[in-house]
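Descriptive analysis of the structure
Take a look at the letters that make up each chain.
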Amino acid sequence: MLKNGRAIGLLIGACLVSNVVTADYQTGGTLRVPIINTGFVENYNPYTTKDLLHGVMFEPLFMYNNMTGETDYRLAETVEYSEDLKRLTIKLKPGLKWSDGKALSAKDVAFSFNLVKSVPAFDVKGIWSKGQLKKVTQLDDRSIELELHQADANMIWNLPHYHILPQHTWAGQDNYPTFTNADNPVGNGPMTEVSYNKPQQMQLCRNPNYYLKGLPYLDCIQYKSFNDNSQIQPALMKGQIDWGSNFIADVEKTFVAKDKENHHIWYPPNDAVHFYINTKKKPFDNLAVRQALSMAIDREAIVDIAAYGYPTVNFNMGGLGELYKDSISEEVRKEFGYLSEYNPEAAKALLDQAGLIDRDGDGVRETPEGRPLAFDIQVVNGWTDWIQVVQMAGEYYAEIGIQANLKTVDWGVYDKALKQGDYEVAINWSLAAPNPIKVYEEYFASSRIGKAFHAGHGFHNPMLDALIQDFGTLRDSQKQHDILNKLQRVTAENLPFIPLFSNPTWFQFNTSNIVGWPSEEDPYVHPVWYDGGKRVVLLNRLHLK
């Protein structure tokens, strides 16, 4: 049985959600949430609207709940591995329907996975493109079998990222990447009915044929468009939104203190945040330079000042943060911990050793060819906390003779640059996944190059691919643990990115009208807005006060 995302059994998890809800809550009400974007358009294609519809209009097969260590089945009733780990059988819950009342069956699931094969842009985790999935077969009305090319215990973690789509409305489209699904969209999640879609607001309302009887309790979810975090802060303070999932400066004073009875925050640890280094470009191809960049910054000061003390400082150079604290190799952490210590003198010595010295006395080091040691650190425009982190890091780098420039870009530019490795240095998160092996797969698997934010650093080799692949063939948890330790050591030895801190889960909530929120006292789910599986669990618990 799956426990804490570490061991693989023939059956994942335990069924935590029944098809009948017995709680006696008042129904009605609208949940108001902020979205940072440039406005809404009539597009209900879950693959081309980022994470806007995942867990709202479209329900995942299952989700891993890292707060409970269990698997929460959603559309799926069971997901089973064969003994040789080469087949996965998915069985749907009985009586599922689409929002238009038509039956949701295994043919829709088979159609959805086969569609991804024909539309590579939708293969978000590369199950087809990297050769994991060989064949999809419908076994009966409720069951399908996924045949894999080889034993792969890692494959299961990819499934919740793929959307189950209605064959009767999606089949036969000419161009799926441009298909907007705007003509009477059909879904399977808790909120499927389009109430309205305006440039600055969009509202989806209750699915009349949702498989969980009596849910959702809420009538609708209303999205509000904002340009950046700074606009969200006053909206929270004024009670114009109920659920915040963004950085808010000095949130205790600006939000909580304004109404202590109803304004709340809960910031459990989330993914690790790094400076990703493009090791394909000079001088970053020199390990000494990357080590110097790590030792030149005071992580504790950056967290306290630039990030208001909300994150957790990450002194682990092996690539994992606080979310995976039970998997962190103490041996690697201790051996390479010196690289996380603030030591500008050691950083200067490393740069001197690399031949990067200030030749003209202007305070900026030059390469042997005479070029100034200057580079850009990319961050998304409007991400105010990370902008402050980059600015403060730039000040530390200036102290050792490096000119690090803040480069703010729009999301689309950032998205493309990270995936294509078209950057010098960029601040970005790491994957928050059920198992740490998925984090390393995103970092290092050659199949993720060009597809993942985290694989554009340029440090890849067959040995890393082999370790990740071997993990998926094992049932022995100790052998899996040994592979994770090796991957941490390789990461610390080569430093393709510089760990900074473990990001907090930004979660602000208002109980004036809506209650049922997770909290430190009732941590029933990790409150991550951008994870559709976690979002749908939360949407099924919220109700009017």
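Look above for the structure.
Our subject in this report is the structure included herewith. Note that the structure is a prediction, hence the values are computed from the model and not measured. (Residues numbered from 1 in each chain as written. Predicted model: local features only at pLDDT ≥ 70, side-chain atom pairs only at ≥ 80, totals over all residues. Heavy atoms only, no water.)

Next up on the list: the overall build of the protein chain. A count of helices and strands for the protein chain gives 14 helices and 21 strands. Its C-alpha radius of gyration of 24 Å places the protein chain within 12% of the 24 Å reference for a compact globule of 545 residues. Here the C-alpha coordinates of the protein chain stretch approximately 75 × 55 × 45 Å along the principal axes. Counting only contacts in the protein chain whose residues sit at least 6 apart along the sequence, the fraction spanning at least 24 positions is 71%. Surface summary for the protein chain: the accessible area is close to 21,000 Å², and the carbon and sulfur share equals 48%. Charge centroids of the protein chain, computed over 52 positive and 65 negative side chains, lie 4 Å from each other. (Helix = DSSP H or I, 4+ residues; strand = E, 2+ residues; numbered from the N terminus. Rg over C-alpha atoms; globule rule 2.2 N^0.38 Å. Contact = heavy atoms within 4.5 Å. Areas by Shrake-Rupley, 256 points an atom, 1.4 Å probe, with all protein chains shown as cover. Lys, Arg positive; Asp, Glu negative; His and termini not counted. Charge placed at Lys NZ, Arg CZ, Asp CG, Glu CD.)

Take the pattern of salt bridges next. Overall, the coordinates contain 24 salt bridges when judged by the stated rule. Between Lys-282 and Asp-285 there is a salt bridge, with its nearest N and O atoms 3.2 Å apart. The class of Lys-282 is exposed, set by a relative accessible area of 63%. According to the relative accessible area criterion, Asp-285 is partly exposed, its value standing at 39%. In this structure, Asp-531 engages Lys-534 in a salt bridge whose closest nitrogen and oxygen atoms are separated by 3.1 Å. Asp-531 gets classed as partly exposed once you look at its relative accessible area, which sits at 24%. The buried category is assigned to Lys-534, whose relative accessible area is 9%. Through salt bridges with shared partners, a single network forms among Arg-87, Lys-134, Glu-145 and Glu-147. (Salt bridge = Lys/Arg side-chain N within 4 Å of Asp/Glu carboxyl O. Buried < 20%, exposed > 50% of the residue type's maximum accessible area, 1.4 Å probe, protein only.)

The element helix α11 (residues 436–444) is largely enclosed, with a buried count of 9 among its 9 residues. Residues of α11 that are buried: Pro-436, Ile-437, Lys-438, Val-439, Tyr-440, Glu-441, Glu-442, Tyr-443 and Phe-444. Buried residues belonging to α11 abut β13 (269–277), α12 (462–471), α13 (477–494) and β18 (497–504). Where α11 begins, the side chain of Asn-435 points an oxygen toward the backbone nitrogen of Ile-437, at a separation of 2.9 Å. (Polar contact = N/O pair within 3.5 Å; in protein donor to acceptor, adjacent residues only side chain to side chain.)

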